[in-house]
Amino acid sequence: EYIHSKNVCHMDISCENWLINDVPVEVQVTSDGANRVRFCCEKIQVKLCDFGLAEKFNGDSFESSKYCGKPNYKSPECEMKDKY
């Protein structure tokens, strides 16, 4: 939502383009001796990176026929190689 509000379309969103900070964990030993791990979710920061294929749009039009990105992550609109 934020990058779209700046008229930017990323064009290459995939698992490899997300950064996640070190997530603190708490390890508790249960009464039966098993370890129980709890992630401290309130401190997680997730950020999108690698804007090398991003495109800046003018006005309200977000149409593009750009064919880029990783094949396994392409939307059907991109695969049709039509404007999307």
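Here, the structure is the one placed above.
Draft legend 1. Examining unusual backbone geometry more closely. With a phi angle near 60°, N7 is a residue other than glycine that sits in the positive phi range. Tracing the sequence through the fold places N7 in the loop between α1 (2-5) and β1 (8-9). Look at N7 and you get partly exposed, because its relative accessible area is 21%. Phi is positive for D50, which is not a glycine, with a value near 60°. Of the residues examined, D50 reaches a relative accessible area of 42% and is grouped as partly exposed.

Draft legend 2. A look at the environment of I20. Mapped onto the fold, I20 is located in strand β2 (residues 18-20). Once the C-alpha coordinates of I20 and I44 are considered, the two residues, 24 residues apart in sequence, prove to be 7.1 Å apart. In this view, I20 contacts I44, Q45 and V46; residues no more than four positions away in its chain are not counted.

Calculation rules
Residues numbered from 1 in each chain as written. Predicted model: local features only at pLDDT ≥ 70, side-chain atom pairs only at ≥ 80, totals over all residues. Heavy atoms only, no water. Helix = DSSP H or I, 4+ residues; strand = E, 2+ residues; numbered from the N terminus. Buried < 20%, exposed > 50% of the residue type's maximum accessible area, 1.4 Å probe, protein only. Contact = heavy atoms within 4.5 Å.

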